[in-house]
Amino acid sequence: MGKAADLSEFDRGQIVMARRLGTSITETARLVGCTRSAVVSIHEKWINDGDTSSRRQGVGRPSVIKEKGRWRLSLLVKQNRRQTVAQLTAQYNAGPRESVSEHTDQRTLLDKGLCSRHPTRVPLLTKHLRQLRIQWAREHRDWTMDEWKRVAWSDESRFLIHHVDGHVRVRRLPGEQLLSSCTACHTQAGDGGITIWVTFSWAVLGLVVVVEETMKAANYLNIFADQLHPCMAFVFRTGNGIFQQDNAPCHKAGIVLEWFEEHIDEFHLTSWPPNSPDLNPMEHI
């Protein structure tokens, strides 16, 4: 069993992380392969000094990355949790500072507790969301076929040209596992893909709109004003059309909802339960 003096910086960082996550002293010692006394001493050193280094004060070369550089490296991590050490080092070295090696960055990240972990998988439907789905289903269970024919269904999706295998990791501190940027549900639109917005109803297949940039309230509203509005007026000439959209932030923006209020005489906006793409027949298309 390894003693405290024999453990690497990585092992010491693992001990601190395990103890901060509530792992017992015995279990931590078993996972790292060291003595219980080593776990206790290293954890106490981290609590008292904020450091796990085995080097004596004043011995060895000073750290290349000073406190300001450590803060900047943490900021780069938070901007994109999925970057590799090589990518982070390239970004760090692009600034007007002394260049550092990947090994130095890796050691600094471990010292700050920013270990690489698998994204947290969160439940798609909480108890509250399930209740909202049931409520929506009850409100619509007596709808006739003629009423469903009045609905124009919509959605937008991003299609990747280059396959991503999904084996990703994120850098996070203990307690950050439920941040949206640290969960498996969080995806980032990268290069090599295309986003489209589509709509269809019983009568027509509807529109296909290529979204040239990130879907925001302003360009979402432009799609309505320029393309959806005349389409709904043509298909539902009596003004009895119903438009469906999900609860994406750009869909619920104030300027978007105000636009629907202004055109309520021409068609209506239906309510929609959160996290319910499976209820949208658009998914089959």
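Values in this document were obtained by computation on a predicted structure and should not be read as measured data.

Student: How should I be thinking about the overall build of the protein in this particular structure?
Tutor: Counting its regular elements, the protein contains 10 helices and seven strands. Within the protein, the fraction of its 285 residues that count as buried is 37%. In the protein, 70% of the contacts between residues at least 6 apart in sequence involve partners at least 24 apart. Approximately 17,500 Å² of the protein is accessible, and the part contributed by carbon and sulfur atoms is 53%.

Student: When you look at the environment of tryptophan 197 in this model, what are you seeing that I'm missing?
Tutor: Within the secondary structure, tryptophan 197 sits in strand β4 (residues 193-200). Distance from tryptophan 197 to glutamate 156, taken between C-alpha atoms, is 4.1 Å for residues 41 residues apart in sequence.

Student: Even after reading the chapter, I still don't get the nonpolar core, so can you show me in this structure?
Tutor: A general trend in soluble globular proteins is that nonpolar side chains are found buried together. Grouped together as the largest cluster of nonpolar side chains are 23 residues, with contacts concentrated most on Trp197, Tyr220, Phe224 and Phe243. Contributing elements (two or more residues each) for this core: β5 (208-211), α9 (217-235) and α10 (254-262). In terms of residue count, the dominant contributor to this core is α9 (eight residues). Of all hydrophobic cores here, the second largest spans 11 residues; its members include Val16, Met17, Ala29 and Ala38.

Student: How should I be thinking about the pattern of salt bridges in this particular structure?
Tutor: A side chain of one charge can pair with a side chain of the opposite charge when the charged atoms of the two come close. Going through the model one piece at a time under the given rule, you end up with two salt bridges. The shortest N-O distance in the salt bridge between aspartate 278 and arginine 133 comes to 2.9 Å. Here aspartate 278, found in the segment after β7 (267-269), pairs with arginine 133, found in helix α7 (residues 127-140); they are 145 residues apart in sequence, far enough to count as distant. Note on arginine 133: relative accessible area 17%, which makes it buried.

Student: Please explain the pairing of β4 as it appears in this structure.
Tutor: Each regular strand shows side chains that alternate between the opposite faces of the sheet. Within β4, six of the eight residues are buried, which leaves the element mostly enclosed by the surrounding structure. The sheet contact formed by β4 and β5 spans four bridges and is antiparallel. From the neighbouring strand, threonine 195 faces β5, where its bridge partner is valine 211.

Student: Any chance you could explain the packing of helix α5 (residues 85-93) against helix α6 (residues 102-111) here in plain terms?
Tutor: Packed helices, taken two at a time, are described by the angle between their axes plus the distance between the axes. The geometry of α5 relative to α6 is characterised by a closest axis approach of 9 Å and an angle of 105 degrees between their N-to-C directions. Relative to α6, α5 is oriented roughly perpendicular. The segment α5 lies against α6, with Val85, Ala86, Leu88, Thr89 and Tyr92 engaging Glu102, Asp105, Gln106 and Leu109. Here the residues of the contact of α5 with α6 sort into five nonpolar, two polar and two charged.

Student: Hey, could you run me through α10 in this one?
Tutor: Inspection of α10 places Val256, Trp259 and Phe260 among the buried residues, and these make up the whole buried set. All buried residues of α10 project into a common sector of 95 degrees when viewed along the axis, lining one side. Residues of α10 that are exposed and point over 90 degrees away from its buried face: Glu261 and Glu262. Looking at the buried residues of α10, the elements they touch are α9, β6 (241-243) and β7.

Student: Could you clarify how one ought to interpret unusual backbone geometry in this entry?
Tutor: Most peptide bonds are trans, and most residues other than glycine sit at a negative phi. A positive phi is found at asparagine 275, a non-glycine position, where the angle reads about 50 degrees. Mapped onto the elements, asparagine 275 comes out in the segment after β7.

Student: Looking at this structure, I do not really get the environment of lysine 112. What am I missing?
Tutor: Structurally, lysine 112 is set in the loop between α6 and β1 (115-117). Put simply, lysine 112 and serine 74 are 38 residues apart on the chain and 8.3 Å apart in space, counted from C-alpha to C-alpha. Setting aside residues no more than four positions away along its own chain, lysine 112 makes contact with Arg70, Ser74 and Leu173.

Student: Sorry, what's going on with the side chain of threonine 104 here?
Tutor: Position of threonine 104 relative to the elements: it lies in helix α6. For threonine 104, a relative accessible area of 8% gives the class buried. A polar contact of 3.0 Å, which involves the side chain of threonine 104, links it to the side chain of serine 101.

Student: Honestly, the packing of helix α4 (residues 67-79) against α5 in this entry has me stumped. Any pointers?
Tutor: Axis separation between α4 and α5 bottoms out at 10 Å; the angle between their running directions is 125 degrees. Our classification of the angle between α4 and α5 gives oblique. Both α4 and α5 take part in a crossing whose hand is right-handed. Along the contact surface, α4 presents Gly69, Arg72, Leu73, Leu76 and Val77, while α5 presents Leu88, Gln91 and Tyr92. Taken together, the residues of the contact of α4 with α5 sort by class into five nonpolar, two polar and one charged.

Student: Teacher, can you tell me more about a nonpolar patch on the surface here?
Tutor: There is a patch of nonpolar side chains on the surface, built from Phe159, Ile194 and Val210 and spanning about 260 Å² of accessible area. The topology assignment puts valine 210 in strand β5. Overall, valine 210 belongs to the partly exposed group, its relative accessible area being 42%.

Scoring rules and cut-offs
Residues numbered from 1 in each chain as written. Predicted model: local features only at pLDDT ≥ 70, side-chain atom pairs only at ≥ 80, totals over all residues. Heavy atoms only, no water. Helix = DSSP H or I, 4+ residues; strand = E, 2+ residues; numbered from the N terminus. Buried < 20%, exposed > 50% of the residue type's maximum accessible area, 1.4 Å probe, protein only. Contact = heavy atoms within 4.5 Å. Areas by Shrake-Rupley, 256 points an atom, 1.4 Å probe, with all protein chains shown as cover. Core = buried A, V, L, I, M, F, W, Y, C linked by side-chain atoms within 4.5 Å. Salt bridge = Lys/Arg side-chain N within 4 Å of Asp/Glu carboxyl O. Pairing = 2+ DSSP bridges. Axes fitted to C-alpha atoms, helices over the stretch in contact; angles between N-to-C directions. Parallel < 35°, antiparallel > 145°, perpendicular 65-115°, else oblique. Nonpolar A, V, L, I, M, F, W, Y, C, P; charged D, E, K, R; others polar. Arc of directions from axis to C-beta. Polar contact = N/O pair within 3.5 Å; in protein donor to acceptor, adjacent residues only side chain to side chain. Left-handed = near helix turned anticlockwise from the far one by under 90°. Patch = residues over 30% accessible without salt bridge, like charges linked within 9 Å, V, L, I, M, F, W, Y side chains within 5 Å.

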